[in-house]
Amino acid sequence: MSTPIRIDTDADVKLDSKVLTDVAEALEPHAADMFKLRSGRWVAVVEFAHSERTQPGPEEDKNPSVKIRISDLEIAADVATEERLRQTMRDLYQQRTSSGTLDAHVA
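Only a predicted model underlies this, so the values are computations on that prediction, with no experimental measurement involved. (Residues numbered from 1 in each chain as written. Predicted model: local features only at pLDDT ≥ 70, side-chain atom pairs only at ≥ 80, totals over all residues. Heavy atoms only, no water.)

Below, the discussion takes up the overall build of the chain. When you go through the chain residue by residue, the secondary structure sums to three helices and four strands. Each helix and strand of the chain, placed in order from N terminus to C terminus, yields the pattern β-β-α-α-β-β-α. The 107 residues of the chain split such that 17% are buried. Intrachain contacts of the chain at a sequence separation of at least 6 include 52% that bridge at least 24 residues. (Helix = DSSP H or I, 4+ residues; strand = E, 2+ residues; numbered from the N terminus. Buried < 20%, exposed > 50% of the residue type's maximum accessible area, 1.4 Å probe, protein only. Contact = heavy atoms within 4.5 Å.)

See the structure below:
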């Protein structure tokens, strides 16, 4: 099942639900907790790979789309690693959103 995500380029990004063997192996140690903890959250480093590109014809009223698949994944296995990854996420967010602000020099 693919879930479209709207982005500014008038293209939809869809996440391919096919789970590759390496990704399944990375998820396996966490599967029981993921099942038990309905409101659980897990922090991970993720690599995406291009899976499919769809360009509608000129007469179609559809946006172009790209489907991506999780090609590699590592989930934080302890609280210390999870906090380091969350800090990295905050740093990346600040870098992405600082353009044109006083924080723009932070890179």
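Once you've had a look at it, read on.
A surface patch of like charges, here negative, comprises Asp-22, Glu-25, Glu-28, Glu-47, Asp-72 and Glu-74. Elements represented by at least two residues in the negative patch include exactly α1 (21-27) and β4 (65-75). Turning to its location among the elements, Glu-74 is positioned in strand β4. Residue class for Glu-74 comes out exposed when judged on its relative accessible area of 52%. (Patch = residues over 30% accessible without salt bridge, like charges linked within 9 Å, V, L, I, M, F, W, Y side chains within 5 Å. Areas by Shrake-Rupley, 256 points an atom, 1.4 Å probe, with all protein chains shown as cover. Salt bridge = Lys/Arg side-chain N within 4 Å of Asp/Glu carboxyl O. Lys, Arg positive; Asp, Glu negative; His and termini not counted. Charge placed at Lys NZ, Arg CZ, Asp CG, Glu CD.)

Going through the model one piece at a time under the given rule, you end up with three salt bridges. Between Arg-69 and Asp-16 there is a salt bridge whose closest N-O contact spans 2.7 Å. Here the residue Arg-69 occupies a position in strand β4, and Asp-16 occupies one in the loop between β2 (12-15) and α1, the gap between them amounting to 53 residues.

Looking at the element boundaries, His-30 is found in the loop between α1 and α2 (31-36). Ignoring any residue separated from it by four or fewer positions in sequence, one finds His-30 in contact with Trp-42, Ile-75, Ala-76 and Ala-77.

Glancing now at helix α3 (residues 79-97). In this model, α3 (19 residues) spans 27 Å end to end at C-alpha, consistent with the 27 Å of a helix rising 1.5 Å per residue. Between the side-chain oxygen at the start of α3 and the backbone nitrogen of Ala-80 there is a gap of 3.2 Å, and the oxygen is on Asp-78. (Expected span 1.5 Å × (residues − 1). Polar contact = N/O pair within 3.5 Å; in protein donor to acceptor, adjacent residues only side chain to side chain.)

Taken residue by residue, a regular strand's side chains alternate between the two faces of the sheet. The pairing of β2 with β4 spans four bridges and is parallel. What sits directly across from Lys-14, in β4, is Lys-67. In this structure, strand β3 (residues 44-54) lies alongside β4, joined through ten bridges in antiparallel fashion. Counted as the bridge partner of Val-46 is Leu-73 from β4. (Pairing = 2+ DSSP bridges.)

With that settled, the discussion passes to the environment of Arg-53. With respect to the secondary-structure elements, Arg-53 resides in strand β3. With relative accessibility at 60%, the residue Arg-53 sits in the exposed group. Taking the C-alpha atoms as reference points, Arg-53 and Val-66, 13 residues apart in sequence, are found 4.4 Å from one another. Those residues in contact with Arg-53 that sit more than four places away from it in its chain are Ser-65 and Val-66.

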